[in-house]
Amino acid sequence: MTNFWNTKVEFLKGIGTQKADVLGTELQIFTYKDLLYHFPFRHEDRTKVYAIAELEPDMPFVQLKGKLTNIEMLGDDKKSRLVAHFTDGTGYMELLWFQGASYLLKSLKANTEYLVLGVPQFFNNKFSIVHPEIELLVSLTSQTGFLQPVYPSTEKLNRRFLGSKFIAKCVQNLLELANFSIPENLNSEVLTKYRFISRQAAFKNLHYPAHANALHHAKRRLKFEELFYIQLKMLKQNKNQKEVISGHLFDKLDLLNEFYDKHLPFQLTNAQSRVVKEIHTDMISGKQMNRLLQGDVGSGKTMVAFLCMLMAIGNNAQTCLVAPTEILAEQHYHTLKEYADKLNITIDLLTGSTRARVRRIMHERLMNGNLKILIGTHAIFEDKVQFENMGLCIIDEQHRFGVAQRRKLWEKNIDLYPHILVMTATPIPRTLAMTVYGDLEVSVIDELPSGRKPITTAFRYDAHRLRVFAFMKEEIDKGRQVYMVYPLIEESEKLSYKNLMDGYESVSRAFPDNHISIMHGQMSSVDKEYEMQRFKKGETQIMVATTVIEVGVNVPNASVMIIENAERFGLAQLHQLRGRVGRGAEQSYCILMTKPELSKEGRKRIDTMCKTTNGFEIAEVDLELRGPGDMSGTQQSGVVNLMIADLAKDGIILQEARNTALAILEKDEHLQHPDNKIFELFLSIQKENDSVWSRIS
Ligand code: ADP
Ligand code: MG
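Residues numbered from 1 in each chain as written. Chains lettered and ligands numbered in written order. Predicted model: local features only at pLDDT ≥ 70, side-chain atom pairs only at ≥ 80, totals over all residues. Heavy atoms only, no water.

K.L.:
I keep staring at the overall build of the protein chain and nothing clicks. Help me out?
P.N.:
Within the protein chain, the regular secondary structure consists of 24 helices and 22 strands. Dimensions of the protein chain along its principal axes, counting C-alpha atoms only, are 95 × 75 × 45 Å. Expressed as a percentage of the 697 residues in the protein chain, the buried residues total 51%. Within the protein chain, contacts between residues separated by at least 24 positions form 73% of all contacts whose residues are at least 6 apart in sequence. Surface exposure of the protein chain reaches about 33,700 Å², of which carbon and sulfur atoms provide 51%. In the protein chain, 86 positive and 84 negative side-chain charges are present, and the distance between their average locations comes to 2 Å. (Helix = DSSP H or I, 4+ residues; strand = E, 2+ residues; numbered from the N terminus. Buried < 20%, exposed > 50% of the residue type's maximum accessible area, 1.4 Å probe, protein only. Contact = heavy atoms within 4.5 Å. Areas by Shrake-Rupley, 256 points an atom, 1.4 Å probe, with all protein chains shown as cover. Lys, Arg positive; Asp, Glu negative; His and termini not counted. Charge placed at Lys NZ, Arg CZ, Asp CG, Glu CD.)

Structure representation (structure tokens):
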């Protein structure tokens with residue numbers, strides 16, 4: 001079984017060692033399995049022949065039947081092209097070739113019936129097809145009437161005639177092998193429940209479906225199986241983990257109650273209280289907590305974090321909070337110190353800029369348990385940083401840290417692993433969270449503190465800059481502050497810097513009476529902190545910056561966010577930036593400045609931002625536009641390397657797959673029941689393959 005699967009493709013009819021080499025280097029196709037998993041990206045419908053009169057602009061690939069009338073070579077030697085007039089009695093169109101023209105000129109015959117395949121273009125009021133496939137009709141009768149697979153290929157393969165058509169032929173040969181056999185990996189209960197076709201049939205139909213419906217069923221089955229096994233594996237691991245790992249028991253709530261009754265600066269939102277309760281339940285469960293806290297920007301995650309810290313400290317444990325940047329760590333430090341001082345709880349800050357002497361003292365106080373709260377950057381991950389009794393690690397803005405780093409925090413207390421709380425402001429669509437963070441429990445703060453006015457968002461072309469400046473002036477005169485953010489230009493750091501400086505200059509000229517801060521990545525953290533503090537204290541009215549201010553910066557009096565070259569930002573980033581305003585009681589504004597020409601995608605991003613402030617809605621659109629591989633935080637997790645399922649579109653299948661996996665594990669968590677042995681077997685085959693691959697690559 002596994003042998004067939006792992007047979008090298010060179011042994012397949014029509015391939016041989018040389019071609020196999022090229023397939024391997026170009027497409028990573030080495031085995032029968034790789035070939036079967038090289039899915040066509042579309043199928044050409046050869047079941048229908050269109051008439052030229054039926055064509056409409058924006059049609060996909062079509063098939064036409066007709067005769068060539070006039071075949072001629074146009075242009076000079078270097079830039080020659082072949083133009084053929086084609087008619088089927090219902091209309092005329094042009095066929096064009098820029099390559100292989102002289103060969104075709106010799107072989108194409110006028111007044112003979114051809115079958116023409118391609119994507120029609122509508123230009124100057126007439127249709128044409130560039131580089132169509134063209135075949136004599138007689139030789140094709142046997143091939144018409146099915147969906148022809150089209151495979152991803154490369155330039156090099158196409159040049160050697162090993163492109164899509166060749167691959168299609170190879171797959172056909174493979175499917176026709178007498179011993180062709182693909183083992184089933186779902187049990188009959190699941191197959192019946194969802195009316196899935198067999199795995200073998202699914203692979204056949206995915207490549208060579210008889211009709212569109214067969215293709216649909218094949219895809220549905222294979223998507224399910226892919227997502228099901230990801231979920232099964234993750235949920236099973238999670239169950240095992242939960243059983244084995246015990247955690248700190250934080251059941252004394254005196255300290256938390258003291259703060260709650262005497263010092264809480266505002267009433268918690270319902271969502272905040274709910275989440276605090278969820279976390280508390282974890283902390284008295286006796287098991288180690290691994291929880292993801294999702295909350296949109298401004299939803300008040302910091303207070304939740306602090307209340308959880310009090311649970312730990314009230315039970316004689318220490319806590320730490322790790323932030324992705326120094327600015328953020330400092331900000332958290334200042335916020336939390338204010339709260340901690342009220343209860344005389346010790347708190348300190350550790351970053352890359354902390355001096356060695358200060359560090360040494362800090363290390364000591366951590367070791368003897370005198371220091372209860374440590375706020376910092378990844379400096380906390382260092383092995384030298386050891387605690388007397390670490391009980392709760394909180395990570396802010398998860399997407400900057402990987403799973404491996406989370407593990408490092410576990411090791412801060414090897415006697416009893418600390419509870420882990422990961423906080424993220426990047427709203428992760430449900431489908432993605434289920435797949436990527438399946439090993440974490442998820443809590444959501446889905447409510448903003450009351451009294452916030454929704455941010456008004458608008459977009460303006462660069463040409464209207466003067467009007468935008470006038471608006472800024474109005475707001476500044478009312479006593480408000482303004483951010484102006486410039487994108488990092490990936491191609492060139494110099495260009496980013498120049499862009500920012502040009503902006504700074506023009507703002508300086510337009511606002512001679514105001515003080516202006518500037519902040520960018522090349523500044524030292526001391527300088528950055530200095531500028532940040534000036535802006536925070538209201539000594540400057542405008543903050544001109546690159547995206548260094550993106551995450552978490554909190555200046556409630558800043559009510560206007562201007563984003564320059566907004567088309568260069570992704571949706572998630574735009575949303576994060578906008579979240580810097582709307583933190584006080586004033587009406588806030590976000591103005592997206594763009595150049596006049598926008599791509600379709602750029603336009604959709606801008607429109608989405610103007611339409612909604614709901615982070616989850618924005619994340620859904622983002623997922624749709626960019627696909628999961630691009631979503632922040634998903635790359636390093638490695639699980640969204642999907643062959644066929646598409647998280648942006650297959651949410652329902654994912655839900656079904658997850659429910660099925662949950663139900664199976666609920667009844668039989670070790671997969672020992674005879675009906676479930678098949679799952680256990682397939683998981684172990686996967687594991688074996690994974691380890692083979694990790695050894696090779
Ligand atoms: P984020 O979730 O983005 O980290 P923060 O914790 O920084 O949000 O909170 C944003 C602002 O809202 C802070 O100024 C905080 O003091 C305030 N805040 C948090 N919770 C509440 C609440 N329940 N009521 C009023 N203001 C709150
Ligand atoms: Mg925050």
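K.L.:
What is the right way to look at the pairing of strand β10 (residues 290–295) in this model?
P.N.:
Walk down a regular strand and you will see the side chains alternate between the two sheet faces. Most of β10 sits out of view: six of its six residues are buried. Alternating positions in β10 separate into two faces, N290, L292 and Q294 on one and R291, L293 and G295 on the other, with burial throughout. Strand direction decides the pairing type here: β10 and strand β16 (residues 441–445), joined by five bridges, are parallel. In the sheet register, G295 faces β16, and the bridge partner there is I445. (Pairing = 2+ DSSP bridges.)

K.L.:
What is the right way to look at the packing of helix α10 (residues 254–262) against helix α12 (residues 301–313) in this model?
P.N.:
Angle between the axes and distance between the axes: these two values describe a pair of packed helices. Contact pair α10 / α12: the axes reach a minimum separation of 7 Å and the direction vectors enclose 140°. When the axis of α10 is compared with that of α12, the two are oblique. Between α10 and α12, the contacting residues are L255, L256 and F259 on the first element and M303, F306, L307, L310, M311 and I313 on the second. Partitioned by chemical class, the residues of the contact of α10 with α12 number nine nonpolar, no polar and no charged. (Axes fitted to C-alpha atoms, helices over the stretch in contact; angles between N-to-C directions. Parallel < 35°, antiparallel > 145°, perpendicular 65-115°, else oblique. Nonpolar A, V, L, I, M, F, W, Y, C, P; charged D, E, K, R; others polar.)

K.L.:
Explain the packing of aromatic side chains to me, please; I cannot follow it from the model alone.
P.N.:
Think of a pair of aromatic rings as described by two things: how far the centres are apart, and how the planes are tilted against each other in angle. Taken as a whole and judged by the stated rule, the model has 23 aromatic pairs. For the pair F224 and F228, a centre-to-centre distance of 5.7 Å together with 10° between the ring planes defines the contact as stacked. With F224 and F228 both in helix α9 (residues 212–244), this residue pair falls four residues apart, about one helical turn. Here F224 falls in the buried class, since its relative accessible area comes to 0%. Residue classification places F228 among the buried positions, given a relative accessible area of 0%. One aromatic cluster is present, built from ring pairs that chain together Y194, F196, F224, F228, Y229, F679 and F682. (Phe/Tyr/Trp six-rings, centres within 6.5 Å; stacked < 30°, edge-to-face > 60°.)

K.L.:
Even after reading the chapter, I still don't get the sheet that holds strand β6 (residues 121–123), so can you show me in this structure?
P.N.:
Sheet strands associate in pairs through backbone hydrogen bonding, adopting either a parallel or an antiparallel arrangement. With respect to topology, seven strands assemble into an open sheet ordered β6-β7-β4-β3-β2-β5-β8, the strand pairing being mixed. Sheet topology places β6 and β8 (133–136) at the edges, where each strand pairs with a single neighbour. Across the sheet, the mean angle separating the axes of adjacent strands is 40° when strand polarity is ignored.

K.L.:
Would you mind going over the sheet that holds strand β21 (residues 558–563) with me for this structure?
P.N.:
Here six strands make up an open sheet; going across it, the order is β17-β22-β21-β18-β20-β19 and the pairing parallel. The open sheet is flanked by β17 (456–461) and β19 (516–519), the only strands paired with a single partner. Across this sheet, the average inter-strand angle for adjacent strands is 20°, counted without regard to direction. Pairing of β21 with strand β22 (residues 589–594), which is carried by four bridges, proceeds in the parallel orientation.

K.L.:
Sorry, what's going on with the nonpolar core here?
P.N.:
Soluble globular proteins tend to bury their nonpolar side chains together. Ranked by size, the top nonpolar core spans 43 residues in total, and within it F306, M309, L310, I373, I375 and L421 carry the most contacts. Of all the secondary structure elements, the ones that give two or more residues to this core are α10, α11 (270–283), α12, α13 (326–342), β12 (347–350), β13 (373–376), β14 (390–396) and β15 (419–424). The leading source of residues in this core is α12, at 11 residues. Filtering out sequence-adjacent residues up to four positions away, I373 remains in contact with F306, M309, I313, T319, A340, I345, T346, I347 and D348. Core analysis: the next-biggest nonpolar cluster, separate from the first, contains 35 residues, L23, L27, V171 and F180 among them. (Core = buried A, V, L, I, M, F, W, Y, C linked by side-chain atoms within 4.5 Å.)

K.L.:
I tried to follow the site of ligand 1 on my own but got confused; where do I start?
P.N.:
Close to ligand 1 lie 16 residues; Q267, G298, K301, T302 and R452 are nearest. For ligand 1, a nitrogen atom lies 2.9 Å from a polar atom in the side chain of Q272. In terms of residue class, the shell around ligand 1 is built from four nonpolar, eight polar and four charged. (Near = heavy atom within 4 Å. Polar contact = N/O pair within 3.5 Å; in protein donor to acceptor, adjacent residues only side chain to side chain.)

K.L.:
Sorry, what's going on with the pattern of salt bridges here?
P.N.:
Pairing is possible between side chains of opposite charge, provided their charged atoms come close. Summed over the entire model, instances satisfying the criterion amount to 24 salt bridges. A salt bridge links D348 to R365; its shortest N-O distance comes to 3.7 Å. Residue D348 is located in strand β12, and its partner R365 is located in helix α14 (residues 356–367); the two are separated by 17 residues in the primary sequence. For R480, the salt bridge identified is with E586, shortest N-O distance 3.2 Å. (Salt bridge = Lys/Arg side-chain N within 4 Å of Asp/Glu carboxyl O.)

K.L.:
Can you help me understand the packing of α11 against α12 in this one?
P.N.:
Across the interface, α11 lies against α12 with an axial gap of 10 Å and an inter-helix angle of 30°. As summarised for this structure, α11 and α12 are arranged roughly parallel, according to the angle between their axes. Pair α11 / α12 crosses with right-handed handedness. Only M303, V304, L307, C308 and M311 of α12 make contact with α11, whose side of the interface consists of Q272, V275, V276, I279, H280 and M283. (Left-handed = near helix turned anticlockwise from the far one by under 90°.)

K.L.:
Which parts of the structure should I look at to understand the environment of G376?
P.N.:
Tracing the backbone shows G376 in strand β13. Judged by its relative accessible area of 0%, G376 falls in the buried class. Sequence separation between G376 and K277 is 99 residues, and the spatial gap between their C-alpha atoms is 26 Å. G376 has contacts with L321, V322, A323, A329, L349 and L350, leaving out every residue within four places of it along the chain.

K.L.:
What is the right way to look at unusual backbone geometry in this model?
P.N.:
As a rule of thumb, non-glycine residues mostly have phi less than zero, and peptide bonds are mostly trans rather than cis. Within the chain, N316 stands out as a residue other than glycine whose phi angle is a positive 65°. Secondary-structure assignment places N316 in the loop between α12 and β11 (318–322). Positive phi, normally seen in glycine, also occurs at N565, with a value near 45°. The residue N565 is located in the loop between β21 and α20 (571–578) in this model. Judged by its relative accessible area of 16%, N565 falls in the buried class.

K.L.:
Sorry, what's going on with α20 here?
P.N.:
Structurally, the α-helix is built with 3.6 residues per turn, so residues lying three or four positions apart point the same way. When you tally the buried positions in α20, you get six out of eight residues, the bulk of the element. Each element contacted by the buried residues of α20 is listed here: β17, β18 (481–485), β21, β22, α21 (600–611) and α22 (615–626).

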